[in-house]
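# Structural characterization, general
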Amino acid sequence: MTPNEKQNITISRDSMSDGTIYPALITNALSTVRYPGTGKNVVEMNMVADDLRIAGLHVSFTLVFDKPTDPFMKSMVKACEAAIHAYVNPNVEVEITTKALQAPRPDLPDLLPGVKNIIAVSSGKGGVGKSTVAINLAIALARLGHRVGLLDCDIFGPSAPKMMGVEDGRPYSENIEGRDLILPLEQYGVKMLSIGFFVEPDQATIWRGGMASNALKQLIGDAHWGDLDYFILDTPPGTSDIHLTLVQTIPITGAVIVSTPQDVALADARKGISMYENEKVGVPILGLVENMAWFTPKEHPEERYYLFGREGVKRLAEDMQLPLLGQIPIVESICEDSDKGTPPALHPETITGQAFIQLAANVVAQTEKRNKEQPPTTIVGTK
């Protein structure tokens, strides 16, 4: 508080010797309350609405915030109450209403009303090519004529911006129906968002789990995804806070499990399947994808070399009575195209391009089958 502020408050308190509370007394008291981070008080920030009412020792007014999720909302209300008690009268009954300039985020489960199917692409372990499958699945679905969205849910290792050729992309926001919403970028017919658009590419994201989960919720609920036939979630490997946040936030239609044929990857794939099939989660498994199923030399496309074992995922699918959605071979061009930001699904004339188009067709078929035979998924916490 500045010396001038102290002087103003002293004069105001002297002027209330007759017991009457004047609007200026309240305003002077509130001018001592500063909003964290700005250095400005709530009066000069126009946070105090023009609805101040005084009736004897009862004072009421509204505090205006930019967003309904303002983290300082409760503490600012308490600070304003304390300032009035300290500088006006300790016996004043203070009634403060809060208001947000931006409309609130829709309540669960109506967070994505225009999205028909939400597909989680998951893997039990890292390094099996899950992001490659998710991104190419999204592009292939778009090439089949579907409206598609892609969310890179890997907060700590986002790869979608580079693989989609939009590393320099910077989404902006637009006020839509009273809410400031992030507009997803569109590339190859797919709407997409990633935390990679909002952090420096060469800097590590060092966040606790709660921060990562909140960021993910913003990418889902504070973005204008619009109408989508398929919303593809490229989830991080394993079973983590991110997966729990997803199933607590949106009703996932089904999961696609990605694995390589080797035994160590298959063991982790079983854990991923178990997580989604847990009775408290209840997300149906649409099927399995065998990635790196075999190596095919560019010069000899008819040859196959099984570098990581042969048809391990196919056997797992049969064992667990789940569909095998696709087998994606290792071809040198997959790495090259992904690094260049031109995924192989853009080239349906190639072996891998054909494999991803077939994968997309199988996912569509299994999703339609699931929707006919099973009730909609509910988010965890409403079961």
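First things first, this report covers the structure right here in the doc.

About the criteria used
Residue positions are given per chain, counted from 1 along the sequence in the order it is written. Residues qualify for local features only when their pLDDT is at least 70, as the model is predicted, and side-chain atom pairs are given and counted only at 80 or more; totals for whole chains, interfaces and linings, by contrast, use all residues. Side-chain measures here rest on the full set of heavy atoms in the structure, leaving out hydrogens and waters. Lines fitted to the C-alpha atoms define the axes, with helices restricted to the stretch that makes contact. Angles between their N-to-C directions range from 0 to 180 degrees. The way it works is that DSSP assigns letters per residue, a run of H or I at least four long becomes a helix, a run of E at least two long becomes a strand, and they are numbered from the N terminus. By definition in this entry, angles of less than 35 degrees are roughly parallel, angles greater than 145 are roughly antiparallel, angles of 65 to 115 are roughly perpendicular, and the rest are oblique. Pairs of residues are marked as contacts when any of their non-hydrogen atoms sit within 4.5 Å. Classification used: nonpolar for Ala, Val, Leu, Ile, Met, Phe, Trp, Tyr, Cys and Pro, charged for Asp, Glu, Lys and Arg, polar for all others including Gly. Only protein chains enter the calculation, and the probe is 1.4 Å; a residue is then buried if its accessible area is under 20% of its type maximum, exposed if over 50%, and partly exposed in between. N or O atoms closer than or at 3.5 Å make up a polar contact, with two conditions inside protein: a donor-capable atom paired with an acceptor-capable one, and, for residues adjacent in sequence, both atoms drawn from side chains. Cavities and pockets are defined on a 1 Å grid built over the protein atoms alone: a cavity is a set of grid points where a 1.4 Å probe fits but cannot escape, while a pocket is an open set with protein on both sides within 12 Å along at least five of seven lines, and lining residues are those with an atom within 4 Å of any such point. Grid points are joined across faces, edges and corners, and a volume is the space filled by probe spheres set on the points.

## Observations regarding the packing of helix H4 (residues 130–143) against helix H11 (residues 351–373)
- The contact between H4 and H11 brings their axes to 8 Å, and the two run at 75°. One element, H4, and the other, H11, form an angle in the roughly perpendicular class. Residues Thr-132, Val-133, Asn-136, Leu-137, Ala-140, Leu-141 and Arg-143 of H4 lie in contact with H11, whose contacting residues are Phe-356, Ile-357, Leu-359, Ala-360, Val-363 and Val-364.
- Taken together, the residues of the contact of H4 with H11 break down into 10 nonpolar, 2 polar and 1 charged.

## Description of unusual backbone geometry
- The phi dihedral of Tyr-188 falls on the positive side, at around 55°, and the residue is not glycine.
- Mapped onto the fold, Tyr-188 is located in the loop between strand E8 (185–187) and strand E9 (190–194).
- Since its relative accessible area comes to 27%, Tyr-188 is described here as partly exposed.
- The phi dihedral of Gln-321 falls on the positive side, at around 55°, and the residue is not glycine.

## Topic: the environment of Arg-170
- Within the secondary structure layout, Arg-170 lies in the loop between helix H5 (160–163) and strand E6 (173–176).
- With 28 residues separating them in the primary sequence, Arg-170 and Phe-198 have C-alpha atoms 7.2 Å apart.
- Every residue in contact with Arg-170, bar those within four places of it in the chain, is listed here: Leu-185, Gly-196 and Phe-197.
- Here the side chain of Arg-170 touches Phe-197 through a polar contact of 3.5 Å, landing on its backbone oxygen.

## Focus on the side chain of Thr-352
- Checked against the element boundaries, Thr-352 lands in helix H11.
- Contacts of Thr-352, omitting those with residues within four sequence positions, involve Pro-329, Val-331, Ser-333, Ile-334 and Pro-344.

## A short note on the layout of surface pockets
- Taken as a whole, the largest pocket holds about 500 Å³ of empty space.
- Sorting the residues of the lining of the largest pocket by element identifies strand E7 (179–182) and helix H6 (209–221) as the ones contributing at least two each.
- When residues in the lining of the largest pocket are grouped by element, the largest group, 5 residues, is from H6.
- Broken down by class, the residue content of the lining of the largest pocket amounts to 10 nonpolar, 4 polar and 7 charged.

Limitation: the analysis is restricted to geometry and does not speak to function.
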